[in-house]
Amino acid sequence: MDQDQIERLIGASDLPSLLAALAHATGDPDLAPSDLWLDPARALEPEDGWDADQLKRARALVSAGLARLGASEAGEDRGPDDSLVPSLIDWLTGADLDDGYRRMLAEELAVTGDLRIPEQIRSGEWPPRAASDHPVAVIGAGMSGILAAHRLKQAGVDCVVLDKNSDVGGTWLENTYPGCRVDVFNHVYSYSGEQRPDWPEYHSSQPVLLDYFRGCAQRWGIRDRIRFGVRVESLEWDGSARRWVIRLETGSGTEEITAGAVVSAVGQLNRPLMPDIEGAGSFAGEQFHSSSWRHDIDWQRLRVAVIGTGASALQFIPHLVELADHVTVFQRTPPWLIPRPVYHEPLAEGLLRLFELVPGYAHWFRLRLFWCTHEGTVGALRRDPAWDGPLERAVSPRNDEARKLLTMYLEHQFGDRPDLLAKVVPDYPVGAKRVVLDNGIWASTLKRPNVELVSDGIARIEPDGVRGSDGRLHSADVIVYGTGFRASEFLMPMRVTGRDGADLHETWNGDARAYNGVCIPGFPNLFCLYGPNTNIVVNGSIIYFAECAAHYVVECLRLLAERGATAMDCRPDAYERYAARMDEHNSQMAWGISPVNSWYKSASGRVAQNWPLPLIDYWRQTRRPDPDDFELL
Ligand code: NAP
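Residues numbered from 1 in each chain as written. Predicted model: local features only at pLDDT ≥ 70, side-chain atom pairs only at ≥ 80, totals over all residues. Heavy atoms only, no water.

1. What to know about the site of the ligand
Within the structure, the ligand sits among 24 residues, and Arg-181, Ser-312, Thr-333, Lys-433 and Asn-597 are positioned closest to it. Gly-310 has a polar backbone atom sitting 3.4 Å from an oxygen atom of the ligand. Side-chain polar atom of Trp-599 to an oxygen atom of the ligand: 2.9 Å apart, as the coordinates give it. Burial of the ligand by the protein amounts to 86% of the accessible area it has alone, namely 910 Å². In terms of residue count, helix H9 (residues 311-323) provides more of the shell around the ligand than any other element does, 3 residues in total. Partitioned by chemical class, the residues of the shell around the ligand number 9 nonpolar, 10 polar and 5 charged. (Near = heavy atom within 4 Å. Polar contact = N/O pair within 3.5 Å; in protein donor to acceptor, adjacent residues only side chain to side chain. Areas by Shrake-Rupley, 256 points an atom, 1.4 Å probe, with all protein chains shown as cover. Helix = DSSP H or I, 4+ residues; strand = E, 2+ residues; numbered from the N terminus. Nonpolar A, V, L, I, M, F, W, Y, C, P; charged D, E, K, R; others polar.)

2. Focus on the sheet that holds strand E7 (residues 286-289)
Pairing in this open sheet of 5 strands is parallel, and the strands run E7-E16-E8-E9-E12 from one edge to the other. Looking along the sheet, the strands with just one partner apiece sit at the ends: E7 and strand E12 (451-454). The average angle at which neighbouring strand axes cross in this sheet is 15 degrees, direction not considered. Relative to E12, strand E9 (residues 326-330) is paired through 4 bridges, and the arrangement is parallel. Across the sheet, Val-327 pairs through a bridge with Val-451, a residue of E12. Relative to strand E8 (residues 303-307), H9 is tilted by about 170 degrees, and along the sheet it contacts E8, E9, E12 and strand E16 (478-481). (Pairing = 2+ DSSP bridges. Axes fitted to C-alpha atoms, helices over the stretch in contact; angles between N-to-C directions. Contact = heavy atoms within 4.5 Å.)

3. Section: the packing of helix H6 (residues 143-154) against helix H16 (residues 542-563)
In the contact formed by H6 and H16, the axes pass within 9 Å of each other and the chain directions differ by 35 degrees. Note on packing geometry: the crossing formed by H6 with H16 is right-handed. Within the contact between the two elements, H6 uses Met-143, Ser-144, Leu-147, Ala-148, Arg-151 and Leu-152 and H16 uses Ile-542, Ile-543, Ala-546, Glu-547, Ala-550, Val-554 and Leu-557. Class assignment for the residues of the contact of H6 with H16 results in 10 nonpolar, 1 polar and 2 charged. (Left-handed = near helix turned anticlockwise from the far one by under 90°.)

4. Looking at the sheet that holds strand E14 (residues 465-468)
Judged by pairing direction, the sheet is antiparallel, and its 3 strands sit side by side in the order E13-E14-E15 without closing on themselves. Looking at which strands have only one partner, the edges of the open sheet turn out to be strand E13 (458-462) and strand E15 (473-475). Strand after strand, the sheet turns through a mean of 25 degrees between neighbouring axes, direction not considered. Two elements, E14 and E15, share 3 bridges in a ladder whose sense is antiparallel. Across the sheet, residue Val-466 finds its bridge partner in E15, namely His-474.

5. Observations regarding the nonpolar core
Membership of the largest hydrophobic core comes to 199 residues, with the highest contact counts inside it found for Ile-146, Ile-246, Trp-299 and Trp-364. It is H16 that contributes the most residues to this core, 16 residues altogether. Counting residues in hydrophobic clusters, the runner-up holds 12 residues, among them Ala-280, Ile-307, Val-466 and Ala-476. (Core = buried A, V, L, I, M, F, W, Y, C linked by side-chain atoms within 4.5 Å. Buried < 20%, exposed > 50% of the residue type's maximum accessible area, 1.4 Å probe, protein only.)

6. Describing H6
Given a rise of 1.5 Å per residue, 12 residues ought to cover 16 Å, and the 17 Å separating the end C-alpha atoms of H6 matches this to within 8%. Of all 12 residues making up H6, 11 are buried, and the element is well covered by its neighbours. The set of residues buried in H6 consists of Met-143, Ser-144, Gly-145, Ile-146, Leu-147, Ala-148, Ala-149, His-150, Arg-151, Leu-152 and Gln-154. Buried-residue contacts for H6 involve strand E1 (134-139), strand E2 (159-163), helix H8 (206-219), strand E3 (226-228), strand E6 (254-264) and H16. (Expected span 1.5 Å × (residues − 1).)

7. Thoughts on the environment of Glu-631
As for its position among the elements, Glu-631 is in strand E20 (residues 630-632). Placed 62 residues apart in sequence, Glu-631 and Asp-569 show a C-alpha to C-alpha distance of 5.1 Å. The contacts of Glu-631, once residues within four sequence positions are left out, are Arg-499, Ala-567, Met-568, Asp-569 and Arg-571. There is a polar contact of 3.1 Å between the side chain of Glu-631 and the side chain of Arg-499.

8. Some points on unusual backbone geometry
Across the junction of Met-492 and Pro-493, the peptide omega takes the value 0 degrees, indicating a cis bond. Residue placement: Pro-493 occurs in the loop between E16 and strand E17 (495-497). Of note, the phi angle at Asp-500 is positive, near 55 degrees, even though the residue is not glycine. Locating Asp-500 in the fold gives a position in the loop between E17 and helix H15 (504-508). Although it is not a glycine, Asn-516 adopts a positive phi angle of roughly 60 degrees. Tracing the backbone through its elements, the reader meets Asn-516 in the loop between H15 and strand E18 (526-528). For Asn-516, a relative accessible area of 3% puts it in the buried group.

Printed below as a string of structure tokens:
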């Protein structure tokens, strides 16, 4: 490879992760030297805060590293050295990590293989044989459910997976609206043990994601454990047999099966929220929710009203405006836009080439994205007690700085349209609602002549369209609801009856909580994935939470096996303490402080969805169940 080719590759790369990968692959720690230490406080600066000399040196080291790699592959030099991995993790993060943190990051890196494979629970130890039809029933074959089935299988525990759909994929199967794509970097939005270097785009589209999850289920050999087309109607704890009785709607009738434990992997965003707008039933045209996209509609010559401007709507509206005659967008609250120039870009060819050339580079690249997007940004959403500015505007100086930067971005995007600019700048702190990625597409969409943005409210829906609060009728042939999901109604509409006939939804009373996001007192051996207070807002991928929670479930079953117990029930005091801790920390976050409406809150206004702490805290608390926090049965 000549110097020009090397320079081109370097231009496409992320230098720090490339140096770490080269150091690992060549066994030469000097390729990640201490004078190129990455200061985490400067992670968001251009070139990570490296000055011109440091950049020059980094590039020279990459050239040297690539030459060394060629030599080591030819057997003329050292080869890969796995013992360097911990120190390279330290170097790449620039942080003062303890062993636990390092281990968590090594699991995410997984450059030497899947480090999250659980140890076997010895066959027959749990559950006692013949107690139930299945040791474990997993509800849902989406991202969390197939992972749970995989980890259980690795631990030697048999399970059945129950899904109402005809295939795996959950949200990625159901949401097929045009423009649907993952808004987390795709390398991070993937299982640590099942990484894919060659994502076609930095944020791949729904069919690609669905394909990935199908491929995982296939490779993991769990498809034959999945029963498709069955809907779980109810779960009832049978205290004498210590098992769950599960009633299913199978399409041809009802059926009852039993399981020693149930893992709910039903997601938070799978039940559409259809708003209660006066007159909606009178509308003469077609109307549907974004998660049930009507692919049979010929949009030409149609006038469309879209209600909502959240993450889903901002993905499909740019496509709709290309197809329909006219689109009226009804916005209640504008989202903050985060500039992401590569939002729709294919992965750089040079990067793909480097993934092929440098063993493990894709893993190091993924770890770097994970690190830079996890604790880096969330700190800007935490309240600073020293901040004396108005809380309705920002919760800390950093949060205010983010507000200024993102306002400047909007001013830049909409500067030539003051009428639109006045409508699109949010009046709540950054992070109080879900931020939306943008590469300029939202401004170019709203500026089209066939688009109108209405931001002063909806009075009612009439047969011919949507009447605004100002009395104007916006004629429409179709209404599309981009109005989100009933996120706070965890485990609905299943009826769940626990010990002594307790009803889960009455217990929660509209305000779901779970110890570690997983366990609820009175409901033994019921484990939730993506349960209450496990949603993340700006930092990283929800797959991380699914991995931690799936690990925890396996460890809970191991505890039962070790103690010769059949079931475990979380103690109410542990549950209350945990919920209070979540509430205390959420009350210090932008989404807990701001009164702006968001799907992060339950009807009572409590933040029932979000995780308010560093990601490492969830990893630590899901390593092993604390036996003192459970009653073993
Ligand atoms: P959402 O963020 O909850 O947005 C719903 C939109 O509908 C909001 O603009 C909301 O306004 C509006 N709305 C709701 N009820 C209304 C009413 N009665 N009248 C007028 N407007 C109303 O839902 P979403 O866009 O489907 O996104 C939900 C979450 O799914 C996202 O936050 C994200 O976590 C996830 N998601 C991920 C991806 C991805 O990764 N590819 C894509 C899409 C969604 P208000 O803001 O005023 O409430």
